[in-house]
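Single-letter residue listing:
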Amino acid sequence: MIIKLLLISSLAVAALVLIRGKRSALSLLMRRSLTLGAIGCGVFAVLFPSTVTQVARAVGVGRGADLLLYALCVTFLFVSIALYLRLSEMHDRYVELARRQALLEAEILAERDRSRIVGA
Amino acid sequence: MEKSGDTDARESTRGAVSGPDTCVVIPMFNESGVITDVVRAVRARFDHVICVDDGSRDDCGALARLAGAHVVRHPTNLGQGAALATGIRYAVDSLCAEYVVTFDADGQHDVNDAAAMVEVARDQGLQAVLGSRFLGDRDDVPATRRLVLKAAARFTRATTGLQVTDAHNGLRVLRRDAARQLQLRLHGMSHASEILSQIGRSGWSYAEHPVTISYTDYSRAKGQRSYNALNIAFDLAFNRLRAAS
């Protein structure tokens, strides 16, 4: 069945993105074109609902609604992974930023202590 | 008052002050109950103590300062690994330390062990000396903790190739070159294993040294849950997979 192949390969790609995902110009392009594609397909499916069922039958799924659910699950997984990666990257930057601030503050305090001793 | 406490602590110890080129880094989070005693005990043997206040809600930062420590204060809670990395950077960059000792804030380590480990690092020219609670003769590790730690050590031996008997000991000594190279990406509690895997990957010279851990009610309450070992294993596996790509 074609749908099994499609679903398994999307899950495999999701796992790969989770392990190797890096933000690059290519991944940005992919995200943008997938989003545009999803909007286009959505409009088309609203206008011609019967085509969804036809596509579903063609890939070996009984109903159009089932195909939609599968697509939703896979999309959700990809979005979650992308958000997870983005968040952990931002967390790394935030830690580094907070660390620089903390070190700077410590240096200033140490400097102030030194000048006080000299002044006294 | 603070002065006299300091002198008392100095007089009560047997050994001399360890070299002025050594910094002790203590990450702390809400430790106001014990930090004064811990800092005084460490100051008795080491000139420089850096306490990294990891966004505590109590006044342990001020207390550590009064007790004679350098204090670096994280604006928010970033995790113990992050605090350790901050302290190590301060020691290496601002204080130009030759040896950096990492030490737990809850008072479970013995400062004499730390001083002995620095001596070992110096004498044998090692880049890292790691404390192990399972090498000593005194051994009062609670049963479940022992089981988890032994399993963690076996896991570490299998994954990093290091011959270690204790995988999660907060007491360690790093020489300047190793401390500079150290890059901690796991900000939470997985840094102990992350440090070990970096030692393995970078091929640093290392040795284990027997240390005693005093399990007080306080340190037990502050300690990690045993099931967190699984989180750490997950962190490590994921970090390694991503690093390999």
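The rules behind these values
- Residues numbered from 1 in each chain as written.
- Chains lettered and ligands numbered in written order.
- Predicted model: local features only at pLDDT ≥ 70, side-chain atom pairs only at ≥ 80, totals over all residues.
- Heavy atoms only, no water.
- Helix = DSSP H or I, 4+ residues; strand = E, 2+ residues; numbered from the N terminus.
- Expected span 1.5 Å × (residues − 1).
- Buried < 20%, exposed > 50% of the residue type's maximum accessible area, 1.4 Å probe, protein only.
- Contact = heavy atoms within 4.5 Å.
- Disulfide = S-S within 2.5 Å.
- Patch = residues over 30% accessible without salt bridge, like charges linked within 9 Å, V, L, I, M, F, W, Y side chains within 5 Å.
- Areas by Shrake-Rupley, 256 points an atom, 1.4 Å probe, with all protein chains shown as cover.
- Salt bridge = Lys/Arg side-chain N within 4 Å of Asp/Glu carboxyl O.
- Pairing = 2+ DSSP bridges.
- Right-handed = clockwise from strand over helix to strand, strands pointing away.
- 1 Å grid on protein atoms, 1.4 Å probe; cavity = no way out; pocket = protein on both sides within 12 Å on 5 of 7 lines; lining within 4 Å.
- Points joined across faces, edges and corners; volume = space filled by probe spheres on them.

Some remarks on helix H5 (residues 111–124) of chain B
Residue and element names in this part refer to chain B.
Then, in step 1: An ideal rise of 1.5 Å per residue puts 20 Å on 14 residues; H5 measures up with 20 Å between its terminal C-alpha atoms.
Then, in step 2: Buried within H5 we find Val111, Asp113, Ala114, Ala115, Met117, Val118, Val120 and Ala121.
Then, in step 3: For H5, the elements touching its buried residues are strand S1 (22–28), helix H2 (35–43), strand S4 (99–102), strand S5 (128–132), strand S6 (172–175) and strand S7 (206–210).
Then, in step 4: Backbone geometry just downstream of H5 places Gly125 in the positive-phi region, at approximately 60 degrees.

Here's the deal with the state of the cysteines
Then, in step 1: Tallied over the entire structure, the rule returns zero disulfides over all chains.
Then, in step 2: You can see Cys41(A) has no disulfide; the closest cysteine sulfur is in Cys73(A), sitting 17 Å from it.
Then, in step 3: Residue classification places Cys41(A) among the exposed residues on the basis of a relative accessible area of 57%.
Then, in step 4: In this structure Cys96(B) is a free cysteine whose sulfur lies 9.2 Å from that of Cys23(B), the closest cysteine sulfur available.

Here's the deal with unusual backbone geometry
Residue and element names in this part refer to chain B.
Then, in step 1: Backbone geometry at Asn30 places phi at a positive 50 degrees, although glycine is not the residue there.
Then, in step 2: Structurally, the position occupied by Asn30 is in the loop between S1 and H2.
Then, in step 3: Of note, Cys96 is a non-glycine position whose phi angle comes to about 50 degrees, a positive value.
Then, in step 4: Mapping Cys96 onto the fold places it in the loop between helix H4 (80–94) and S4.

As for a nonpolar patch on the surface
All names here are of chain A.
Then, in step 1: Residues Leu36, Ile39, Val43, Phe44, Leu47 and Phe48 make up a contiguous nonpolar surface patch of about 630 Å² in total accessible area.
Then, in step 2: Note on placement: Phe44 falls in helix H2 (residues 25–47).
Then, in step 3: Here Phe44 falls in the partly exposed class, since its relative accessible area comes to 43%.

Section: the pairing of S1(B)
All names here are of chain B.
Then, in step 1: For S1, the buried fraction is high: seven of the seven residues fall into the buried class.
Then, in step 2: Of the two faces of S1, the one lined by Thr22, Val24, Ile26 and Met28 and the one lined by Cys23, Val25 and Pro27 are each fully buried.
Then, in step 3: Of the strand pairs in this sheet, S1 and S4 are connected by four bridges, and their pairing is parallel. For Val24, the partnering residue across the bridge sits in S4 and is Val101.
Then, in step 4: Sheet topology places S1 next to strand S2 (residues 48–53); six bridges connect them, and they run parallel. Residue pairing across strands places Val25 opposite Ile50, the latter belonging to S2.
Then, in step 5: Following the chain from S1 across H2 to the adjacent parallel S2, one finds a crossover that is right-handed.

Let's talk about empty space enclosed by the protein
Residues and elements named next belong to chain B.
Then, in step 1: For the structure shown, the criterion picks out two cavities of 30 Å³ or more.
Then, in step 2: The calculated volume of the largest cavity comes to roughly 50 Å³.
Then, in step 3: Lining the largest cavity, in full, are Leu130, Gly131, Asp166, Ala167, His168, Asn169, Leu171, Arg172, Ala192 and Leu196.
Then, in step 4: Elements supplying a minimum of two residues to the lining of the largest cavity: S5 and helix H8 (191–202).

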